[in-house]
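Structure assessment
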Amino acid sequence: MKTLIQNQVASSRWTLPATLLWAAVIWLSDGLIAENWWMQAACYVLCTYLMAELNNSNALIRTFTRLVSVSFLMLTCMAGNLGSLKGILTLLSIIATYTALFRTYQDQQAAGWAYYTFLTLALGSLADCHLLLLAPVWWLLMGLALNSLSWRTFTASLLGLATPYWILSGWHIYQGTWSSLANHLKPLTQWSLNTGSIATDWFSTTVAALTFLSGIMGIVHYMRTNYRDKIRIRQYYYCFITLTLIAGTLIFVQPQYHDLLQNLLIVSVAPLVAHFFALTHTRWTNAAFIITTLLVIGLTVYRVWIS
């Protein structure tokens, strides 16, 4: 096992620093300094920290590894769109929502964490209102996977969703611009099943397909080996699996929401991929690790080259 590249990378303390250096180079190549993306970069650093905290505080992988953060960094650098403040804020919101959501595990009295979960979702929806459509999914996960849904936590979640808009509505009414808030939420009522005229470029489709297939690979592995994890960890991974399947399906069915769904897919897939590569040690999985890594690096370099 020690001779496999896959396991050496997974257990090395140098993997994360090397990946951080890689991400810094990609950010500089994309235009960090030239485009003054300092706010986006600060949010990206916070995203990376929260992904590490999500792994460490919940012990998502039963051995020492930094692959959750590494997978997140590699996938986001491949997908690009790093300079989009809207995109980076939705990414941050999704990670923060996961972090708070898992704190409610088997605690139907966790009104505070339920409030924070949906507050972060609502704050992210100020950048992209379609994040509000995830609220029923979070309620479903709280009820079926985390066993934390009760009238107390449900009421707290409604308050969390309403808080940012309650504050903003008062401000807009005071300013006489209440219609701008209504216009922000208007896209929620515009759901079209006719996507024939909407097409993403081949590169975005390839990135989404590779990310989704990596997630499927992680799901298959996890469903075969989940008996080795504690029940609590299994429930967390069922959340990742659910969101991976939802985002991975919708990203091809509703490509007009590609950027949002890509962010949701990356955050959900990263722990699955990390679990797969950190806890397997065969020649086949080692080959899969090398091929996947080379594909991600190759697509990232190609994206930077043509941009």
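A brief look at the structure comes next. (Residues numbered from 1 in each chain as written. Predicted model: local features only at pLDDT ≥ 70, side-chain atom pairs only at ≥ 80, totals over all residues. Heavy atoms only, no water.)

Moving on, we come to a nonpolar patch on the surface. Residues Trp202, Tyr302, Trp305 and Ile306 make up a contiguous nonpolar surface patch of roughly 550 Å² in combined accessible area. For the nonpolar patch, the leading source of residues is helix α13 (residues 283–306), giving three residues. Within the element layout of this structure, Ile306 appears in helix α13. (Patch = residues over 30% accessible without salt bridge, like charges linked within 9 Å, V, L, I, M, F, W, Y side chains within 5 Å. Areas by Shrake-Rupley, 256 points an atom, 1.4 Å probe, with all protein chains shown as cover. Salt bridge = Lys/Arg side-chain N within 4 Å of Asp/Glu carboxyl O. Helix = DSSP H or I, 4+ residues; strand = E, 2+ residues; numbered from the N terminus.)

Evaluated as defined, the whole model comprises 21 aromatic pairs. Aromatic side chains Trp139 and Phe154 sit 5.1 Å apart centroid to centroid with 55 degrees between the ring planes, which places their arrangement in the tilted category. One end of the pair, Trp139, is in helix α7 (residues 135–144); the other, Phe154, is in helix α8 (residues 151–175), and 15 residues separate them in sequence. Under the relative-accessibility criterion, Trp139 is labelled buried at 18%. For Phe154, a relative accessible area of 26% gives the class partly exposed. Ring centres of Phe276 and Phe277 lie 4.9 Å apart, and the angle between their planes is 45 degrees; this geometry places the pair in the tilted category. Summarising the burial analysis for this pair, Phe276 and Phe277 share the class buried. Taken together through their ring pairs, the aromatic side chains of Tyr98, Phe102, Tyr105, Trp138, Tyr222, Tyr236, Tyr237 and Phe240 make up a single cluster. The positively charged end of Arg13 is found above the aromatic ring belonging to Phe64, 4.4 Å away from the centroid. (Phe/Tyr/Trp six-rings, centres within 6.5 Å; stacked < 30°, edge-to-face > 60°. Buried < 20%, exposed > 50% of the residue type's maximum accessible area, 1.4 Å probe, protein only. Lys NZ or Arg CZ within 6 Å of the ring centre and 35° of its normal.)

What follows concerns helix α10 (residues 202–225). Three- or four-residue spacings in an α-helix give side chains the same orientation, since the helix completes a turn every 3.6 residues. Relative to the 34 Å expected for 24 residues at 1.5 Å per residue, α10 spans 34 Å between its end C-alpha atoms, a close match to the ideal helical length. Near the N-terminus of α10, the side chain that reaches the backbone nitrogen of Phe203, with its oxygen 3.1 Å away, is that of Asp201. (Expected span 1.5 Å × (residues − 1). Polar contact = N/O pair within 3.5 Å; in protein donor to acceptor, adjacent residues only side chain to side chain.)

It is at 13 Å that the axes of helix α2 (residues 15–30) and helix α3 (residues 38–58) come closest, and there the two elements cross at 160 degrees. Looking at the two axes, α2 sits roughly antiparallel to α3. Both α2 and α3 take part in a crossing whose hand is right-handed. Of α3, the residues touching α2 (which contributes Leu20, Ala23 and Trp27) are Gln40, Ala41, Tyr44 and Thr48. For the contact of α2 with α3, the residue count by class is five nonpolar, two polar and no charged. (Axes fitted to C-alpha atoms, helices over the stretch in contact; angles between N-to-C directions. Parallel < 35°, antiparallel > 145°, perpendicular 65-115°, else oblique. Left-handed = near helix turned anticlockwise from the far one by under 90°. Contact = heavy atoms within 4.5 Å. Nonpolar A, V, L, I, M, F, W, Y, C, P; charged D, E, K, R; others polar.)

Moving on to the pattern of salt bridges. Counting across every chain of the model gives two salt bridges. Between Asp30 and Arg303 there is a salt bridge whose closest N-O contact spans 3.0 Å. You can see Asp30 sitting in helix α2 and its partner Arg303 sitting in helix α13, a full 273 residues away along the chain. Side by side, Asp30 and Arg303 carry an identical accessibility label, which is buried. With a shortest N-O distance of 2.8 Å, Asp229 and Arg62 are connected by a salt bridge. Placement of Asp229 in the loop between α10 and α11 (231–253) and of Arg62 in the loop between α3 and α4 (67–79) is noted, with a sequence separation of 167 residues between them. Look at Asp229 and you get buried, because its relative accessible area is 7%.

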